[in-house]
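# Close look at the chain arrangement
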Amino acid sequence: MSVTHHHIPDSMLAAYAAGTLPQAFAVVVATHVSMCSLCRAALGAHEAVGGAVLELQDQVAVSDGLKSNVLDLLDAPFAPTTAPARNGIYPGPVVEAMKGRAPRWKTLGMGVRQDILFGQKDGSLRLLYIPPGQAVPDHGHNGLELTLVLQGSFSDETGQFGVGDVEVADETLEHTPVADAGDPCICLAATDAPLRFRALAPRLLQPLFRI
Amino acid sequence: MTALDPPDNPPDGDPGRRPAARGPRRTAPDHAACAPTLSRETQWMMAVRDQRDRTAFAALFDHFAPRLKGFVIRSGIPAAKAEEVVQDVMLTIWRKADQFDPHRAQVSAWIYQIARNRQIDVMRRDGRPMPEELREDPGTEPDASQILAVEQEARQLKSALTRLNAEQRDVIEKAYLGELSHQQISDQTGLPLGTIKSRIRLGLNRLRHELKDLKP
């Protein structure tokens, strides 16, 4: 298990535990937790609070037949579900978001590629491929953006991000992430709004590429 | 650790309980050696997991089903559908019992995440993406002191919740029942929820220690 230095904010772990995070962010949280025992432990602590809330809940009597129904169903056949396993650099939750397929990279120019895993009204999730030394176009954010490194590393004005690290960027951050030397940097990026690019051309291309 | 305890927070565990140095092997026919010190819920859950004990499962049902029903209704699922969710959660407890690890989670915490998953499945198109599962090596001996520590933290957390004033407790309940967005939870940082936070921090170190040797 790699040692990560940039983690999921605590409020986001709480929202994940409660199930209120938008889907794209929830995939990033589940992925980071798969890679980081610190955040797995922190998530466990939030689930413990949830457990205490459950224990203290006002009890509502269940119908007479419910218990015998459930006991009768214990031997009923069921399809066991197993969490998807890691495949290469892609942890289980990413494999699930990719629906088991290989990445379908689309070129964005300058060697940068992306694969949109899903785009919904409450956010989008994509993979980014950035060659060493290459910058992702300078961009601000309309909402919140989480970027998790799956391979290689990148650096920007706020620090260096290696495998497992998550950068959390909001409206206030204007940054230029540059992939470090070595392996191409592959990231999982989630937003709750479309990105806006500062340069004119990428902005015109934005509807086309949905970045 | 005692030094970190908030002064208004006396230990509320049973003073008669002392962690055993080491429990019996998990494959032993019963848990009698450590059973007197573990909570009923943990004993029931381990009996369900290890012996597929239906009597223990029925006891878990009696304890949790009415709480789950209250929890599910409060989370916004219509009363008519609530029992369906309770039934699904109870069946999942039975079917996924092998994933219960008392070294890492108290029974109510484990059931909480099952209940939230089921509710999310009911309310949304997409299920919640889950982290990779960690597995203990088969034949790992249970460490009674670790299990007891997890239980004690859960008890203290529960007790800390009951000591909050009504407004503070309401915020916590809303957050963990899924009534607050991430932004709303994030905005609550100014609220005096220090007791809960210090409880979470105490539990963290222990969980981190427990997790460090486990791999997916």
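What you are looking at is a predicted structure, and each value in this text was computed from that prediction instead of being measured.

### Considering the interface of chain B and chain A
Taken together, the 64 residues of chain B in the interface contact 55 residues of chain A. Looking at the side of chain B that touches chain A, the elements with two or more residues in it are helix H2 (54-74), helix H3 (79-95), helix H4 (107-123), helix H5 (144-163), helix H6 (166-176), helix H7 (182-187) and helix H8 (194-211) of chain B. Its residues placed into classes, the side of chain B that touches chain A shows 34 nonpolar, twelve polar and 18 charged.

### Describing the environment of Ala97(B)
All names here are of chain B. Relative to the assigned elements, Ala-97 resides in the loop between H3 and H4. Note on Ala-97: 19 C-beta atoms within 10 Å, which makes it partly exposed. Spatially, the C-alpha atoms of Ala-97 and Lys-81 are 24 Å apart, while their sequence positions differ by 16 residues.

### Some points on the domain arrangement of chain B
All names here are of chain B. Looking at chain B, the domain boundaries give domain 1 (38-129) and domain 2 (142-216). Each side of the interface is counted separately: domain 1 has 13 residues, and domain 2 has eleven residues. Looking at the side of domain 1 that touches domain 2, the element that brings in the most residues is H4, giving three residues. Taken together, the residues of the side of domain 1 that touches domain 2 break down into four nonpolar, six polar and three charged.

### Some remarks on the sheet that holds strand E10 (residues 185-191) of chain A
Residues and elements named next belong to chain A. Judged by pairing direction, the sheet is antiparallel, and its six strands sit side by side in the order E1-E2-E3-E10-E5-E8 without closing on themselves. Of all strands in the sheet, those with a lone pairing partner are strand E1 (106-109) and strand E8 (166-169), marking the two edges. Recorded for the sheet is a direction-independent mean angle of 25° between the axes of neighbouring strands. Relative to E10, strand E3 (residues 123-130) is paired through seven bridges, and the arrangement is antiparallel. When the bridges of E10 are listed, Leu-128 appears paired with Cys-187. Docked against the sheet, helix H2 (residues 23-35) engages strand E2 (112-120), E3, strand E5 (145-151), E8 and E10, running at close to 140° with respect to E10.

### Quick look at the packing of H2(B) against H3(B)
Each pair of packed helices can be described by the angle between their axes along with the distance between the axes. Residue and element names in this part refer to chain B. The N-to-C vectors of H2 and H3 enclose an angle of 140°; their axes lie 9 Å apart at closest approach. By the angle between their axes, H2 is oblique relative to H3. The chirality of how H2 crosses H3 is right-handed. In this structure, H2 uses Phe-57, Leu-60, Phe-61, Ala-65, Leu-68, Lys-69, Val-72 and Ile-73 to contact H3, whose residues at the interface are Ala-79, Ala-82, Glu-83, Val-85, Val-86, Val-89, Met-90, Ile-93 and Trp-94. Counted by class, the contact of H2 with H3 contains 15 nonpolar, no polar and two charged residues.

### Concerning the confidence of the model for chain B
All names here are of chain B. Mean pLDDT over chain B works out to 77, with 68% of the residues at or above the 70 mark. Every residue in residues 1-32 scores below 50 in pLDDT, and together they form 40 contacts with partners more than four places removed in sequence or on other chains. Scored by ipTM, the complex comes to 0.85, with pTM at 0.83.

### Topic: the nonpolar core
By size, the foremost hydrophobic cluster in this structure holds 101 residues, and its most contacted members are Leu13(A) and Val29(A). The element best represented in this core is helix H3 (residues 37-55) of chain A, accounting for eleven residues. Taken together, domain 1 (38-129) and domain 2 (142-216) of chain B each give at least three residues to this core, which thus spans both. When neighbours within four sequence positions are excluded, Leu13(A) is seen to be in contact with Ile8(A), Val29(A), Cys39(A), Ala42(A), Leu43(A) and His46(A).

Reading guide: rules and limits
Every chain's residues receive numbers from 1 upward, in the order its sequence appears when written. Written order decides the labels, with chains lettered from A and ligands numbered from 1. Only residues with pLDDT of at least 70 are given local features in this predicted model, and only at 80 or more are side-chain atom pairs given and counted; all residues enter the totals for whole chains, interfaces and linings. Whether two residues are in contact is decided by their C-beta atoms, placed from the backbone, lying within 7 Å. Secondary structure elements follow DSSP: runs of H or I no shorter than four residues count as helices, runs of E no shorter than two count as strands, and numbering proceeds from the N terminus. Under the grouping applied here, Gly and all other residues not named as nonpolar or charged are polar, the nonpolar ones being Ala, Val, Leu, Ile, Met, Phe, Trp, Tyr, Cys and Pro and the charged ones Asp, Glu, Lys and Arg. Exposure criterion: with C-beta atoms placed from backbone coordinates, a residue whose C-beta has 20 or more other C-beta atoms within 10 Å is buried, one with 12 or fewer is exposed, and one in between is partly exposed. What marks off one domain from the next here is an automatic or database domain assignment. A pair of strands is treated as paired once DSSP finds two or more bridges between them. In this description, a line fitted to the C-alpha atoms serves as the axis of each element, helices being fitted only across the stretch in contact, and the angle between N-to-C directions of two axes falls anywhere from 0 to 180 degrees. Angle categories: roughly parallel below 35 degrees, roughly antiparallel above 145, roughly perpendicular from 65 to 115, and oblique for all the rest. Should the near helix be turned counterclockwise from the far one by less than a right angle, the crossing is left-handed, whereas a clockwise turn marks it as right-handed. For every residue, the predictor states its confidence as a pLDDT score lying anywhere from 0 to 100. Connectivity within a nonpolar core runs through C-beta atoms within 7 Å, and the core itself is a set of buried Ala, Val, Leu, Ile, Met, Phe, Trp, Tyr and Cys residues.

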